[in-house]
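Structural overview for review
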Amino acid sequence: MKTKINNNICGGLYTKKVLETFKNPHNYGKIKNADGIGKVGNIVCGDVMWLYIKVGKDEVIKDIKFETFGCVAAISTSSIITDLVKGKTIKQALKITKDDIIKSLGGLPKIKYHCSVLAVDALIEAIYDYFSKNKKEITADLKKKHEIIQKSKDIIDKKYEKWTK
Amino acid sequence: MKKIYLDYAATTPVDKRVAKAMEPFLSEKFGNTMSLHSFGQEAKFVLDQSRQVLADMISAKPNEIIFTGSATESNNLALKGIAFNMPKSRYARHIIISSIEHPCIIESAEWLKSQGFEITKLPVDKYGMVNPKDIEREIKPETILVSVIHASNEIGTIQKIAEIGKICRKKGVYFHTDASQSFGKIPIDVKKMNIDLLTASSHKIYGPKGAGLLYVREGIKIVPLLHGGGQENGLRSSTVNVPAIVGFAKAAEICKKEMRPKGYPENKRLTSLRDKLIKSVLKIKNSHLNGSPPTNFEVKAGGRKLGLYPASKLVGGKSQNRLANNANFWFDFIEGESLIMQLDLEGIACSTGSACSSFKLEPSHVLLATGLKPQEAHGSLRVSLGRFTTEKEVDQLIEVLPKIIKKIRKISPFK
């Protein structure tokens, strides 16, 4: 009989890769004069992720850094997305999905999938920020994604207003 | 790397003396307590003996002790057993619990609510203390049971159990206390404290997992959760787990002999280790203590200065209201799961009330009840010491913790 591992339990079920990344995260810190910044998450929920990008010639993301308040999964996904994005063009970077992140980490407990979503959202927000600051054309698809992220952020911020004010 | 275990409130290792006492009952003395032959008699004899030892721990009679499989089962049996004791419960359907109970009390109460019972959850103050006057006020003619945890598993706060017991007895309402964290550590006298039902656990006192007990005062009727062969006076059918119960009794005996002789040397030892830890940890920038301030130094809790506390007799829980082995902190801009895992990478095992480490992704209800905001509760760290904790181990934590906090804050956008 095949036994099924309960993916809802965290703690002992982080993969080796997640724990390694958590122990030695890459690219953390702030980029001064960043070209774009993406800020997602809410401190009441327990994860806040900020991504900074520096964009070079031919829309290549030549530098990316993160600052994250959160659990093991939040820090690992933050680090992994910086690895995945660095050196890529914006067009390529926008193709990165939560599944790419989960795969790069050798898996995540299901209860922590939202951390990989948060990392993708932070990247979208950073790129959106870069486009709008530089008055560049924003595709309908990116605009829509940005609006969805903002909308859910507003709902959460409002929900937790009593704790943050 | 030698691992350091500072999570004794979660569970404890089985004491070698306990394991030795259990051993014969795993193989050669394996009888069923219900059997008539000599194998059964042998098992029954040792079961009675164990029952006597455990009853003596709380000044109860042996026939008032029901063995169960866990403290969770005992707590379920206490609440549901009283609630469904018809016909009284047909009209009297009100139960009072505190807001800092263990989930097995809260969830049992929630389930009873779905079955038509009314549940009142009492608030606590910033130290996690229930005000006995609140209980007196909340008791009404329909109230059948009050259940308040003796010592908090998270913040170590010890409740005024005797005072609550007195009120309940006066009002004619049954009083249950979950003593999982206090049994074997601080003295309990069910008669003097007017306790009607009490839960205790084996694996918190260096006994094996899989054994618990519920004390039910003589004359109080409860209904069983498990029906069957009629073991434990018909209140808990199941073949009796003799080896675990023998271990439970041996563990209690050791506690009585070594931890609670005159002067409470073990509590004194743990108190001084704990206070050293608290003093050192509170030197970390933006760190705070959860629960009751322990001793004669100025401490902060939730950013508030709590003033000086007298160095009164730090024994037996008589003049302090915090378990000797419990310390609980929170740190600004720190997420607890990350903290626990960083400590684990250094070989130190502790625990947190952060949402990210729970199945429900909700922060500790205990810390929220003491007035912490969720983002503050995320940054909590529970350190619980035990029989095998050495000063060297505590020193190791004191050395490592500030570095880890610094590292996590470096990654965080908030500083």
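If you're wondering where the values come from, they're calculated on a predicted model, not measured in any experiment. (Residues numbered from 1 in each chain as written. Chains lettered and ligands numbered in written order. Predicted model: local features only at pLDDT ≥ 70, side-chain atom pairs only at ≥ 80, totals over all residues. Heavy atoms only, no water.)

**Describing the sheet that holds strand β7 (residues 197-201) of chain B**
Residue and element names in this part refer to chain B. This is how it is decided: Only strands joined by at least two bridges in the DSSP assignment are considered to pair. By definition, any uninterrupted DSSP run of H or I lasting at least four residues is a helix, any uninterrupted run of E lasting at least two residues is a strand, and each is numbered from the N terminus. To obtain an axis, a line is fitted to C-alpha atoms, over the contacting stretch when the element is a helix, and the angle between two such axes runs from 0 to 180 degrees between their N-to-C directions. Working rule for contacts: check all heavy atoms of both residues, and any pair within 4.5 Å makes them a contact.
Taken together, seven strands build an open sheet; the order of strands is β2-β8-β7-β6-β5-β3-β4 and the sheet is mixed. Only two strands of the sheet have a single partner each, and these edge strands are β2 (65-68) and β4 (118-122). In this sheet, adjacent strand axes meet at a mean angle of 20 degrees when their direction is disregarded. Of the pairings in the sheet, the one linking strand β3 (residues 94-98) to strand β5 (residues 143-147) comprises four bridges and is parallel in character. Residue pairing for β5: Ile 96 is matched across the bridge by Val 146. Along the sheet, helix α7 (residues 161-171) makes contact with β5 and β6 (174-178), crossing β6 at roughly 160 degrees.

**Overview of the domain arrangement of chain B**
All names here are of chain B. Note the cut-off: An automatic or database domain assignment is the source of the domain bounds shown. When two parts are brought into contact, each loses some accessible area as probed by a 1.4 Å sphere; the total of that loss over both is the buried area. Each salt bridge in this description consists of a side-chain nitrogen of Lys or Arg and a carboxyl oxygen of Asp or Glu lying within 4 Å of one another. Under the rule applied, a polar contact is a pair of N or O atoms within 3.5 Å (in protein, one hydrogen donor and one hydrogen acceptor; residues adjacent in sequence only if both atoms are side-chain atoms).
Examined at the domain level, chain B breaks down into domain 1 (16-259) and domain 2 (264-411). Look at where the C-alpha atoms of domain 1 and domain 2 centre, and you get two points 28 Å apart. On the side of domain 2, 31 residues touch domain 1, which itself brings 31 residues to the contact. For the pairing of domain 1 and domain 2, the buried interface totals around 2500 Å² over both sides, and the portion due to carbon and sulfur atoms is 57%. For the pair domain 1 and domain 2, the number of links is zero salt bridges. Taken together, domain 1 and domain 2 are joined by ten residue pairs in polar contact (both at pLDDT 80 or more). No other element matches the four residues that helix α8 (residues 242-259) contributes to the side of domain 1 that touches domain 2.

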